[in-house]
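The residues making up each chain are set out below.
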Amino acid sequence: MIKVVEGELIRTLDDGDLENLASEVKTGYVLILVKENGKLHEGYVFVDDGRIIGSYYTDNKSTEVCGDIKPVLEILKYEDKIIELYGYTKDKMNLMKWLYPEVFEKK
């Protein structure tokens, strides 16, 4: 399981369009949290200079997906979700890329 390097919280929302969220983050990540049937779904979208460069999804049980944004987009459709925006320094972004290159290999 991937341990995402923690960024600085920008703000928390309950809805939003991914493109707008990515442009607001600039460099960092968008975290989408959904609880369903006893599972906590987490979706991360990594952003550098306002563009989406990677993604990671887990249901914290048996599923983990790196580099494919589709599962993250699915949980973004849920009504009851929490969206958190986090900022990174360039050093933190480079650390994430070094630790987990599979997250940044788009599928």
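The structure this text deals with has already been given above.
Keep in mind that what you see is a predicted model, and the values were worked out from it rather than measured.

**With respect to the nonpolar core**
Moving on, step 1. Residues Val 4, Tyr 29, Phe 46, Tyr 88, Met 96 and Val 103 are the most contacted members of the largest nonpolar core, which totals 18 residues.
Moving on, step 2. Counting only elements with at least two residues in this core, the list comes to β2 (28–36), β3 (39–48), β4 (51–58) and α3 (90–99).
Moving on, step 3. Of the residues forming this core, the biggest block, three residues, is contributed by β2.
Moving on, step 4. Discounting residues that sit within four places of it in the chain, Met 96 has contacts with Lys 3, Val 4, Val 5, Phe 46, Tyr 88 and Phe 104.
Moving on, step 5. Counting 17 residues, the second-largest nonpolar core is a separate cluster that includes Leu 18, Leu 21, Val 34 and Ile 52.

**Here we look at the sheet that holds β3**
Moving on, step 1. Strand order in the open sheet formed by six strands is β1-β6-β2-β3-β4-β5, with antiparallel pairing between adjacent strands. Each edge of the open sheet is held by one strand with a lone partner, namely β1 (8–13) and β5 (64–66). Averaged over all adjacent pairs, the angle separating strand axes in this sheet is 20 degrees, with direction ignored.
Moving on, step 2. Strand direction decides the pairing type here: β3 and β4, joined by seven bridges, are antiparallel. Bridging across to β4, Val 45 finds its partner in Ser 55.

Cut-offs and rules
- Position numbers for residues count from 1 along each chain, tracking the sequence in the order it is written.
- Note on the predicted model: pLDDT of at least 70 is required for a residue's local features to be given, and 80 or more for side-chain atom pairs to be given and counted; whole-chain, interface and lining totals, by contrast, use all residues.
- With hydrogens and water set aside, each side-chain value is computed from the structure's full complement of heavy atoms.
- To qualify as a nonpolar core, a set must consist of buried Ala, Val, Leu, Ile, Met, Phe, Trp, Tyr and Cys residues joined through side-chain atoms within 4.5 Å.
- Relative accessible area decides the class of each residue, using a 1.4 Å probe on protein chains only: under 20% of the type maximum gives buried, over 50% gives exposed, and in between gives partly exposed.
- Only DSSP runs of H or I reaching four residues or more are called helices, and only runs of E reaching two or more are called strands; each is numbered from the N terminus.
- In what follows, residue pairs with any heavy atoms lying within 4.5 Å of each other are defined as contacts.
- For two strands to be treated as a pair, DSSP must find no fewer than two bridges joining them.
- Think of each axis as a best-fit line through the C-alpha atoms, taken over the contacting stretch in the case of a helix, with angles from 0 to 180 degrees between the N-to-C directions.

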